[in-house]
Amino acid sequence: MPQDPMDFEWSYWIEWGRERILWLLAGHLLVSQVSRLLVEKYKPWCLMVYGMAACWLLLGVKGFAVILFHATISFAVAQFQLSLLTWLCSLILLFTLRIPAVEEAKRKWYDTENEYYLLLFTVSVRCLFCTSFSLEYCWHGPAQKSSHSFLWMLAYVFYYPTFHNGPLLNFDEFSKQMRRQEAFSLKTNLSILIMGIIRIFFWWCLAELMIHLMYIHALYSSAPPLEAASYWALGGLALAQVLFFYVKYLVLYGVPALLLQMDGLKPPALPCCVSLMHSFTKMWRSFDVGLHRFLVRYIYVPMGGSQSSLLRTLFSTALTFAFVSYWHGGQSYLWYWGALNWLGVITENGVKRILSVSLIQELI
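If you look the chain up in an unreviewed UniProt entry, it shows as HHAT palmitoyltransferase from Circaetus pectoralis. Taken directly from UniProt, the Sequence similarities (unreviewed entry) text for the chain runs: "Belongs to the membrane-bound acyltransferase family. HHAT subfamily." Taken verbatim from the UniProt record of the chain, the Subcellular location (unreviewed entry) comment is "Endoplasmic reticulum membrane".

In structure tokens form, the structure reads like this:
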């Protein structure tokens, strides 16, 4: 039975995974386990060299040069130790990805659109990693600068399991865990690997069944079936699409999360089932945990967060969603999506504050 071809993201990453990425991830696993067994002290540098080689192989010398250039510029700007300047640099680097002339030049480097998009997605994710490292560099004193060297930045930026699509792991977490030397057990790691592969294979089979049998995205791309459907049917379609999105990210984040475990790191928690969600706040906290930690640590809390005045809280929340919309591409529909999420979060928190008033509590 033919599959629904309308979900670009699933088709794209499954195709790349089958062609090259899964093989490169298997190579990373081999290098990681050998280095943990023989040269634990030099594991970060072994993985850095492998990540750089994999990047060169997949994106070519020009793609590799773009990512290295972004990392170098970010590190150079971080030397001023000004968070505002670091953020300005990150936003400018993101902006360069959307300049038409730059886009056309990069397209000419590759034979297919898929190869260009792989570079685009990879550089977008790397921008977040460069931002995380640079801000941590700004916030740490001179005594801790040795743990924030350019070599450590390269080890972080070129860490291959999270290289193309995440999940996001902040530099402070990555650095602490990568430096920690633990007792290595090949038997334990093998059991983790086998159980992880079984789980991911089950999720992949479920996603493939949904994409071959349900045709959710094809229905959404055609107006007549939607106009003819009842409100109950539309609600069911919406729920089915969100559930597929959840299963899809169990696979897309599950593979790198398994490799993080094999490397002795603690990955961000995988997405929670959307059927268990009943609030905007919980959705943002528990679906993409890595992105949520990044947003809270580097935008929400520095701008005031929930501990400041109401206006400051509203502003910091709005700025967080504005960045999410801009990072995802900045198209008009993404700004609407960000604004609606912002409204949902502030409405929910506003109702919670009202319900926490003692008089309302007594009435309840």
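Trainee: Could you clarify how one ought to interpret the UniProt feature "transmembrane region" (unreviewed entry) in the chain in this entry?
Mentor: The sites that carry the UniProt feature "transmembrane region" (unreviewed entry) are, in the present numbering, residues 20–39, 46–69, 75–95, 116–135, 150–171, 192–217, 229–252 and 310–328. Along residues 150–171 one finds 41% helix and 0% strand; the C-alpha atoms at either end are 13 Å apart. With 92% helix and 0% strand, residues 229–252 has its two end C-alpha atoms placed 32 Å apart.

Trainee: I tried to follow the layout of surface pockets on my own but got confused; where do I start?
Mentor: Here the idea is plain: a probe the size of a water molecule rolls over the atoms and shows the empty space left. When its volume is computed, the largest pocket comes out at roughly 2000 Å³. What lines the largest pocket is a set of 50 residues, among which Glu 9, Phe 245, Tyr 249, His 328 and Leu 334 lie closest to the centre. Contributing elements (two or more residues each) for the lining of the largest pocket: α1 (8–38), α5 (113–139), α9 (216–220), α11 (231–262), α12 (280–286) and α15 (332–355). Tallying contributions element by element places α11 first for the lining of the largest pocket, with nine residues. Looking at the lining of the largest pocket residue by residue, the classes come out as 31 nonpolar, 13 polar and six charged. Lining the lining of the largest pocket are residues from two domains, each supplying at least three of them: domain 1 (8–179) and domain 2 (269–363). Quantified by volume, the second largest pocket comes out at close to 730 Å³.

Trainee: Would you mind showing me how to read the packing of aromatic side chains here?
Mentor: For the structure on display, the rule yields 36 aromatic pairs. Arranged with centres 5.2 Å apart and planes meeting at 35°, the rings of Trp 56 and Phe 64 form a pair that is tilted. Residue class for Trp 56 comes out partly exposed when judged on its relative accessible area of 46%. The exposure class of Phe 64 is buried, given its relative accessible area of 9%. Ring geometry for Trp 109 and Tyr 110: centres 6.5 Å apart, planes at 65°, overall edge-to-face. Its relative accessible area of 30% is what places Trp 109 among the partly exposed residues.

Calculation notes
Residues numbered from 1 in each chain as written. Predicted model: local features only at pLDDT ≥ 70, side-chain atom pairs only at ≥ 80, totals over all residues. Heavy atoms only, no water. UniProt positions renumbered as here; feature names shortened; annotations may be inferred. Helix = DSSP H or I, 4+ residues; strand = E, 2+ residues; numbered from the N terminus. 1 Å grid on protein atoms, 1.4 Å probe; cavity = no way out; pocket = protein on both sides within 12 Å on 5 of 7 lines; lining within 4 Å. Points joined across faces, edges and corners; volume = space filled by probe spheres on them. Nonpolar A, V, L, I, M, F, W, Y, C, P; charged D, E, K, R; others polar. Domains from an automatic or database assignment. Phe/Tyr/Trp six-rings, centres within 6.5 Å; stacked < 30°, edge-to-face > 60°. Buried < 20%, exposed > 50% of the residue type's maximum accessible area, 1.4 Å probe, protein only.

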